[in-house]
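Each chain, letter by letter, is given below.
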Amino acid sequence: MIGVYVIVDPSACVEPTSGRARDPRVVCEQAIRGGASRIQLRVKGLDDRAHLALARDLARIASAADVPFVLNDRVDLALLAGASEVHLGQTDLEPSDARRLAPTLAIGRSTHDLEQVARARVEGVDRIAFGPIFPTRSKERPDPVVGVERLTQVARGLEQPVVAIGGIDVARAPLLRGTGIAEIAVISAVCGAADPAAATAALVEALA
């Protein structure tokens, strides 16, 4: 069963009709209600105190539902918030340094090409995200699209679970069945949906 890994980004938590901002805590709760397998908080531009407060709130919500909570980028805040995992990009701390700071945290790693995948494989990370699989608008300067065929090659060649990311929505999700991935990661498909719970449930169904 492929899980739905929901990345809660406050900048993407917007009601589609009115354009009003939504509380990321509510989006988190709704995503979990819809069947999210994992929740990640990705924040840009918040001061550390506000970032930590939000991370703690989402960690509590996820923990109460027995759903793993991941914090993006920040090992220090992940520890303070009680996260179960930290997710590192290519310009964040090296996994070996993160492991020294936080030996109990699981570590996820973003990768965008085969060279980065090979490096992540020997770094001993616990989860490898690969993408973008499809064109995406969630990043200002996205990496080149890797496609489903390359994703399948990566997922079937790794011991670590692979998370597909980038441009995935309910229409494209069925294309990822049979690729060998563990989860899909989504942002706007849930955070920007009219009903985040229903959107998450639809993704779960599309992958079944």
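Here the structure is a predicted model, which means the values were calculated and not measured.

## Regarding the sheet that holds strand β5 (residues 106-111)
Next up, step 1: One closed barrel holds the eight strands; their spatial order is β1-β2-β3-β4-β5-β6-β7-β8, and the pairing between them is parallel. Across the sheet, the mean angle from the axis of one strand to that of its neighbour is 25°, orientation sign disregarded.
Next up, step 2: Across four bridges, β5 lies against strand β6 (residues 127-130) in parallel orientation. Across the sheet, the residue bridging to G108 is R127, located in β6.
Next up, step 3: Against the sheet, helix α5 (residues 114-123) contacts β5 and β6, and its axis sits at roughly 165° relative to β5.

## A few points about the environment of D76
Next up, step 1: With respect to the helices and strands, D76 occurs in helix α3 (residues 75-81).
Next up, step 2: We classify D76 as partly exposed; its relative accessible area is 40%.
Next up, step 3: C-alpha separation for the pair D76 and L101, spaced 25 residues apart in sequence, amounts to 8.0 Å.

## Quick look at the side chain of H87
Next up, step 1: Relative to the assigned elements, H87 resides in strand β4 (residues 85-88).
Next up, step 2: Excluding anything up to four places from it in sequence, H87 contacts Y5, Q40, V70, L71, N72, D73, D92, G108, R109, S110 and A129.

## Some thoughts on the environment of S96
Next up, step 1: Tracing the backbone through its elements, the reader meets S96 in helix α4 (residues 95-101).
Next up, step 2: Measuring from C-alpha to C-alpha, the distance between S96 and R56 comes to 25 Å, with 40 residues separating the pair along the chain.

## So, the packing of helix α1 (residues 24-33) against helix α2 (residues 48-64)
Next up, step 1: At a closest axis distance of 10 Å, the pairing of α1 and α2 adopts a crossing angle of 20°. In terms of axis orientation, α1 runs roughly parallel to α2. Considering only the axes of α1 and α2, their crossing is right-handed. Across from P24, R25, C28, E29 and I32 in α1, the residues of α2 making contact are L54, D57, L58, I61 and A62.
Next up, step 2: Broken down by class, the residue content of the contact of α1 with α2 amounts to seven nonpolar, no polar and three charged.

## Quick word on unusual backbone geometry
Next up, step 1: With an omega of 5°, the peptide bond running from G131 to P132 counts as cis.
Next up, step 2: Positive phi, close to 60°, is recorded for D66, a residue that is not glycine.
Next up, step 3: The backbone of D73 shows a phi angle near 75°, a positive value even though the residue is not glycine.
Next up, step 4: Within the secondary structure layout, D73 lies in the loop between β3 (69-72) and α3.
Next up, step 5: Accessibility expressed as a relative area gives 21% for D73, which makes it partly exposed.

Conventions and cut-offs
- Residues numbered from 1 in each chain as written.
- Predicted model: local features only at pLDDT ≥ 70, side-chain atom pairs only at ≥ 80, totals over all residues.
- Heavy atoms only, no water.
- Pairing = 2+ DSSP bridges.
- Helix = DSSP H or I, 4+ residues; strand = E, 2+ residues; numbered from the N terminus.
- Axes fitted to C-alpha atoms, helices over the stretch in contact; angles between N-to-C directions.
- Contact = heavy atoms within 4.5 Å.
- Buried < 20%, exposed > 50% of the residue type's maximum accessible area, 1.4 Å probe, protein only.
- Parallel < 35°, antiparallel > 145°, perpendicular 65-115°, else oblique.
- Left-handed = near helix turned anticlockwise from the far one by under 90°.
- Nonpolar A, V, L, I, M, F, W, Y, C, P; charged D, E, K, R; others polar.

In short, the description is geometric, and any link to function would need to be established separately.
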